[in-house]
Amino acid sequence: MTADEAVSEVTDGMTIGIGGWGSRRKPMSFVRALVRKGVKDLTVVSYGGPDIGILCATGQLKKAVYGFVSLDSIPLEPHFRKARQQGTIEAVELDEGMFLLGLRAAAQRLPFLPTRAGLGSDVLKINPQLKTVKSPYADGEELVAVPALNVDIAFIHMNRADAQGNGQSLGRDPYFDNLFCMAAKKAFMSCEKIVSTDELVAGGPLQSLLINRMMVGGVVEAPGGAHFTECPPDYPRDEAFQREYAKTAKDDDAWSAFRAKYLDVSEADYQKAVSS
Amino acid sequence: MSSREATRADICALAVAECFRDDGEIMVSAMGTTPSLGARLAKATFAPDLLMTDGYNLLLRRALPLGARPNDDDIEGWMPFGSVFDTLWWGRRHVMMGASQIDQFGNQNIACIGPWERPKAQLLGVRGAPGNTINHVTSYWVPNHNARALVPEVDMVSGVGYDRAASLGSRGGRFHEIRRVISNLGVFDFNTPDRRMRLASLHPGIELQQVIDNTGFELVIPDGGVDTTPVPTPEIVGVLRELDPQGYAQKEVVV
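In this text the structure is predicted, and so the values were computed from the model without any measurement.

Student: Account for the sheet that holds strand β5 (residues 112-115) of chain A, naming residues and giving values.
Tutor: Residues and elements named next belong to chain A. Strand order across the open sheet formed by three strands is β5-β7-β6, with antiparallel pairing between neighbours. Whereas interior strands pair on both sides, the edge strands pair on one side only; in this sheet they are β5 and β6 (131-134). Averaged over all neighbouring strand pairs, the angle between strand axes comes to 45°, with direction disregarded. One ladder, built from four bridges, connects β5 with strand β7 (residues 142-147); its direction is antiparallel. Bridge pairing in β7 links Leu113 to Val146.

Written out as structure tokens, the structure is:
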């Protein structure tokens, strides 16, 4: 299937989960398809990077749920910074570990998971929806009950996959893409290359087979689909392009030009534009 | 930087390293240039048992120079983010973070300046600071010690300070420890009855009044005089030159 077909299932007001981490192995071809579709009022749940930044800049993001929003080599996502300072988005800011527990709770169909993280900090103040829970055992310890981060549709990007939806992460960090799939009602996976199951199994150690076909509802072959974020070992981050993108947060005309050239175009034209 | 004469940046790096001296076999996560250099100095010299990553997901056998990429024979293990969270919840970790603001009880802010709802300046967000500080030892690095950074009250508590931890009772706060704050002017700790920040030592050449004038709250000053932060020996300075051949840390520390 194509990214546009997958994204056709997203409707206004949905909660979207996006895999990867910061500016690392982000399913950017799906993000670009979301921009083309123009779907709005989205809630985005993400270890955020340019996915959240772009959807802030296009005005499609209503609410961001995140442990951070960073471009890694640029510590704070500039479009996200702008949206926060102008007050144009709602935000749910969680400790990075709390965010993971929220994903795990959703994947396990639990209402919450307990943790010490957040106690004593202002994370509880800015998130009045967060409650604490008392251990039912003799210790009686008070812990934060991190609510499940349930999402409607999740998008992830892998290095390789087969057509049935088995996915392979060949980089050195799997991040939490499996949990994003399991936290979602439905998940779509893009990959650098669709290969036969034989080639997939032979292509890396068994523990690189992070995603199995139960977890995903559709596979899209998207070479360069994580660009401009990194997708090792296939390609590093395109730092020059990322800098160009980051600069557009300071200048509306530059953003309009960036958007016209790189976002209001097909994925094929995007890939042509960035390789020229 | 080939001189073996210790600079302020070298003094700061050694002071950072001293934070990890007795940590034994735990993981150190050092955010920023001087913390990274100091942690590597500790591992390269008096604290070889420390576990450290390349900043990504590889545990490294030896302390590499800042900016150097590890070879396969530098690797001793794997520490993807999932394992980082497991390790920090396990408590076998000492993190050194920066602090855009820090108060007298060690409450730290890296999230934003102004009201969180619509900040005047969005900073990094709380990141892992709430979970780090409540689960394991934390230290802080402030490269430019001034009254805008050391404040009476932080705009948003990201890392938890001693007053907040105490309010959780003896169980909730039992893994909380802020070991030290290292700045470009001195070394600070919380070894006071009410856990207020104390001046532990002044870097050589720094006047007490300079620290007082640049701190936005009342510091505890030890009776009977303030110590001077140790100056690294020429041998240690040599190790620092090897670990930071580009002199990144020299540029970070405000003199």
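What follows picks up the thread again.
Student: How would you summarise the packing of helix α5 (residues 96-107) of chain A against helix α3 (residues 81-90) of chain B if you had to cite specific residues and measurements?
Tutor: One way to put it is that α5(A) packs onto α3(B) with a least axis distance of 11 Å and a crossing angle of 110°. Taken together, α5(A) and α3(B) sit at an angle that is classed as roughly perpendicular. For the pair α5(A) and α3(B), the crossing hand works out as left-handed. Within the contact between the two elements, α5(A) uses A:Glu96, A:Gly97, A:Leu100, A:Leu101 and A:Arg104 and α3(B) uses B:Phe85, B:Asp86 and B:Trp89. Here the contact of α5(A) with α3(B) is composed, by residue class, of four nonpolar, one polar and three charged.

Student: Tell me about the environment of A:Asp95, and name the residues and values.
Tutor: One can find A:Asp95 in the loop between β4 (90-93) and α5. The exposure class of A:Asp95 is buried, given its relative accessible area of 2%. Beyond its immediate chain neighbours, meaning those up to four positions away, A:Asp95 contacts A:Ala117, A:Val123, B:Val126, B:Arg127, B:Gly128, B:Ala129, B:Pro130 and B:Gly131. At 2.9 Å, the side chain of A:Asp95 forms a polar contact with the backbone nitrogen of A:Gly97. In terms of polar contacts, A:Asp95 uses its side chain to reach the backbone amide nitrogen of B:Gly131, at 3.0 Å.

Student: Go over the packing of helix α3 (residues 50-57) of chain A against helix α4 (residues 78-86) of chain A with me, naming the residues and quoting the values.
Tutor: Residues and elements named next belong to chain A. Remark: α3 packs on α4, axes separated minimally by 7 Å, with the N-to-C direction vectors making an angle of 50°. Between α3 and α4, the crossing angle belongs to the class labelled oblique. Of the two elements, α3 crosses α4, and the hand of that crossing is left-handed. The segment α3 lies against α4, with Ile52, Gly53, Cys56 and Ala57 engaging His79, Phe80 and Ala83. Of the residues assigned to the contact of α3 with α4, the class counts are five nonpolar, two polar and no charged.

So, how was this worked out
Position labels on residues start from 1 in each chain and follow its written sequence. Labels follow written order: the first chain is A, the first ligand is 1, and so on. This being a predicted model, a pLDDT of at least 70 is required before a residue's local features are given, and a value of 80 or more before pairs of side-chain atoms are given or counted; all residues contribute to the totals for chains, interfaces and linings. For the side-chain quantities, the full set of heavy atoms in the structure was used; hydrogens and water were omitted. Criterion used throughout: strands pair if DSSP finds at least two bridges between them. Numbering of helices and strands runs from the N terminus; a helix is a DSSP stretch of H or I covering at least four residues, while a strand is a stretch of E covering at least two. Lines fitted to C-alpha atoms define the axes here, with helix axes fitted over just the stretch in contact, and angles between the N-to-C directions of these axes take values from 0 to 180 degrees. Reported orientations rely on four angle classes, namely roughly parallel under 35 degrees, roughly antiparallel over 145, roughly perpendicular from 65 to 115, and oblique for the rest. Should the near helix be turned anticlockwise from the far one by less than a right angle, the crossing is left-handed, and should it be turned clockwise, the crossing is right-handed. By definition in these notes, contact holds between two residues if any of their heavy atoms fall within 4.5 Å. Under the scheme applied, nonpolar residues are Ala, Val, Leu, Ile, Met, Phe, Trp, Tyr, Cys and Pro; charged residues are Asp, Glu, Lys and Arg; polar residues are all the others, including Gly. Burial classification: accessible surface area is computed with a 1.4 Å probe over protein chains only, and a residue below 20% of its type maximum counts as buried, one above 50% as exposed, and the rest as partly exposed. Polar contact is the term for a pair of N or O atoms within 3.5 Å; when the atoms are in protein, one must be able to donate a hydrogen and the other to accept it, and sequence-neighboring residues count only if both atoms are side-chain atoms.

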